[in-house]
There are 2 protein chains.
Amino acid sequence: MEEYKVIFEKFLQKNGLRLTPSRMSALEAVFATHDHFDVEALYDTLRRRGLRASRATLYRTIHLLVASGLVRQVPIQGETTRYEHIWGHPRHLHLVCTECGALLEDELGAAEQALLETGMRHGWRVNEIAVSLRGVCPKCGKEANDVRA
Amino acid sequence: MEEYKVIFEKFLQKNGLRLTPSRMSALEAVFATHDHFDVEALYDTLRRRGLRASRATLYRTIHLLVASGLVRQVPIQGETTRYEHIWGHPRHLHLVCTECGALLEDELGAAEQALLETGMRHGWRVNEIAVSLRGVCPKCGKEANDVRA
DNA sequence: CTCGTTGCAAAATGTTTGCAATGTA
DNA sequence: TACATTGCAAACATTTTGCAACGAG
């Protein structure tokens, strides 16, 4: 039994919630990839696997996954809310290209300690560090295009 | 003439856009505070000042302000999209309490240099550093409540 | 005078919720 | 069996857009 399943099961039990096929399917789909995803993508993934769960259920489930600490929202602007799993995924930072939307991940490195200390200095128990660097990727070293909507 | 107005005017000219009362009102309202705001709040602020601009116009204007580099989206999860002005606002980090929603700002400090180096290492021209530390504030040193929707 | 801009209302999204049927512990 | 869960459709909240009237350069 994979570790994350145990974690989720314990979380459900502790909160008087039930382990259902829909929830298990969603959980597996979420951990089947290291990519970011939104609820719609999760919905598609399940259908592609021949599984089923309504969007409503997935929206409800993703909240549980976040509450359990297994998943977090990706701290990046965008149309839809995107998520990523955390388990086995060390704290990292995102490099976002404001031109083409390219996204790169890397480790926090030296910054991590400094940030944790800042949190501590204010008396906060820090559970999550979200860092995104927005700028222009090497490929887009050009100029911006049209600005109008 | 305030610096940010000059910047916005140049931005408009460069893109063949026009300087209108609505846009100027929005710009001033945005820079009148250092708080985060969403479009609805901006709308209220204008009305309170006896100025007027439709929500549609404000949504259109805020995009221009972001494109001009004067304003950015706040990289924090939430119901509505929130913004903050950047001009005269040094790079900083946000401490977010996942219990009560409290929000604290602080300087990046030592982390800034480390993060910039990471960007450089990947060949990115970094324009913006967004950091949020999510956790539990001192006041909320308690336990979580009900998890269910 | 030419084109960008505005407001309104309608449309489009993304997400939540009430409710009756269903399933888990 | 008791109560949590699901799907559906309706409700919501936010943001975008078409269009005709208006306004800046």
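Provided above is the structure to which this section pertains.
Just so we're clear, the structure is a prediction, and the values are computed from it rather than from any experiment.

Let's shift gears to the environment of A:Trp87. All names here are of chain A. Its place among the elements puts tryptophan 87 in the loop between strand 2 (83–85) and strand 3 (92–97). As a C-alpha pair, tryptophan 87 and isoleucine 7 span 80 residues in sequence and 9.8 Å in three-dimensional space. Excluding residues that lie within four positions of it along the chain, tryptophan 87 makes contacts with Glu3, Tyr4, Ile7, Phe31 and Leu70.

This part is about the protein's contact with DNA strand C. Contacts to DNA strand C come from 21 residues, most closely from A:Arg18, A:Tyr59, A:Thr81, B:Arg23 and B:Thr57. Backbone atoms, meaning sugar and phosphate, make up 68% of the atoms of DNA strand C lying within 4 Å of the protein. Side-chain polar atom of A:Arg18 to a base nitrogen of DNA strand C: 2.4 Å apart, as the coordinates give it. Put simply, the parts of the chain that give the surface near DNA strand C at least two residues each are helix 4 (55–67) of chain A together with helix 2 (21–31) and helix 4 (55–67) of chain B. With 4 residues, the top contributor of residues to the surface near DNA strand C is helix 4 of chain A. Split into classes, the residues belonging to the surface near DNA strand C amount to 7 nonpolar, 8 polar and 6 charged.

When the parts of a complex come together, some accessible area is lost, and that lost area is often used as the size of the interface. Each side of the interface is counted separately: chain B has 42 residues, and chain A has 42 residues. Applying the counting rule to chain B against chain A returns 4 salt bridges. The shortest N-O distance in the salt bridge between A:Arg121 and B:Asp106 comes to 3.3 Å. The interface formed by chain B and chain A holds 12 residue pairs in polar contact (both at pLDDT 80 or more) in total. Mapped by element, the contributors of at least two residues to the side of chain B that touches chain A are helix 4, strand 3 (92–97), strand 4 (103–107), helix 5 (110–121) and strand 5 (125–136) of chain B. The biggest single contributor to the side of chain B that touches chain A is strand 5 of chain B, with 12 residues. Here the residues of the side of chain B that touches chain A are counted per class, giving 25 nonpolar, 10 polar and 7 charged.

Turning our attention to the relation of the copies chain B and chain A. For the pair chain B and chain A, the relating rotation is 179°, the translation along its axis is 0.0 Å, and the fit reaches an RMSD of 0.2 Å. Viewed as a symmetry operation, the transformation between the two copies matches a two-fold axis. Looking at the interface residues of chain B, 100% of them are also at the interface in chain A, so both copies use one shared face.

What follows deals with the sheet that holds strand 4 (residues 103–107) of chain A. Spatially, the 6 strands line up as an open sheet ordered 4(A)-3(A)-5(A)-5(B)-3(B)-4(B), and their pairing is mixed. The sheet is open, and its two edges are formed by strand 4 of chain A together with strand 4 of chain B, each paired on a single side. Across the sheet, the mean angle from the axis of one strand to that of its neighbour is 25°, orientation sign disregarded. Sheet topology places strand 5 (residues 125–136) of chain A next to strand 5 of chain B; 11 bridges connect them, and they run antiparallel. Its bridge partner lying in strand 5 of chain B, A:Leu133 is registered against B:Ile129. With respect to the sheet, helix 5 of chain B is in contact with strand 3, strand 4 and strand 5 of chain A together with strand 5 of chain B, its orientation differing from that of strand 5 of chain B by roughly 130°.

On to the packing of helix 3 (residues 39–48) of chain A against helix 4 of chain A, then. Residue and element names in this part refer to chain A. Contact pair helix 3 / helix 4: the axes reach a minimum separation of 10 Å and the direction vectors enclose 120°. When the interaxial angle is binned, helix 3 and helix 4 end up oblique. As for the relative orientation of helix 3 and helix 4, their crossing is right-handed in sense. Here Val39, Glu40, Leu42, Tyr43 and Leu46 of helix 3 come into contact with helix 4, specifically with Arg55, Leu58, Tyr59 and Ile62. Each residue belonging to the contact of helix 3 with helix 4 can be placed in one class, and the counts come to 7 nonpolar, no polar and 2 charged.

Taken together, 20 residues lie near DNA strand D, and A:Arg23, A:Ser54, A:Thr57, B:Arg18 and B:Tyr59 sit nearest. Close to the protein, within 4 Å, the atoms of DNA strand D are drawn from sugar and phosphate at a rate of 69%. Contact between DNA strand D and A:Thr57: a phosphate oxygen at 2.3 Å from a side-chain N or O atom of the residue. One of the side-chain N or O atoms of B:His63 is found 3.0 Å from a phosphate oxygen in DNA strand D. Among the elements of the structure, helix 2 (21–31) and helix 4 of chain A together with helix 4 of chain B are those that each provide at least two residues to the surface near DNA strand D. Among the elements that line the surface near DNA strand D, the one with the most residues is helix 4 of chain B, at 4 residues. Taken together, the residues that form the surface near DNA strand D break down as 6 nonpolar, 8 polar and 6 charged.

Procedures and definitions
- Residues numbered from 1 in each chain as written.
- Chains lettered and ligands numbered in written order.
- Predicted model: local features only at pLDDT ≥ 70, side-chain atom pairs only at ≥ 80, totals over all residues.
- Heavy atoms only, no water.
- Helix = DSSP H or I, 4+ residues; strand = E, 2+ residues; numbered from the N terminus.
- Contact = heavy atoms within 4.5 Å.
- Near = heavy atom within 4 Å.
- Polar contact = N/O pair within 3.5 Å; in protein donor to acceptor, adjacent residues only side chain to side chain.
- Nonpolar A, V, L, I, M, F, W, Y, C, P; charged D, E, K, R; others polar.
- Salt bridge = Lys/Arg side-chain N within 4 Å of Asp/Glu carboxyl O.
- Least-squares fit on C-alpha atoms with pLDDT ≥ 70 in both.
- Pairing = 2+ DSSP bridges.
- Axes fitted to C-alpha atoms, helices over the stretch in contact; angles between N-to-C directions.
- Parallel < 35°, antiparallel > 145°, perpendicular 65-115°, else oblique.
- Left-handed = near helix turned anticlockwise from the far one by under 90°.

What is shown is where atoms sit, not what they do.
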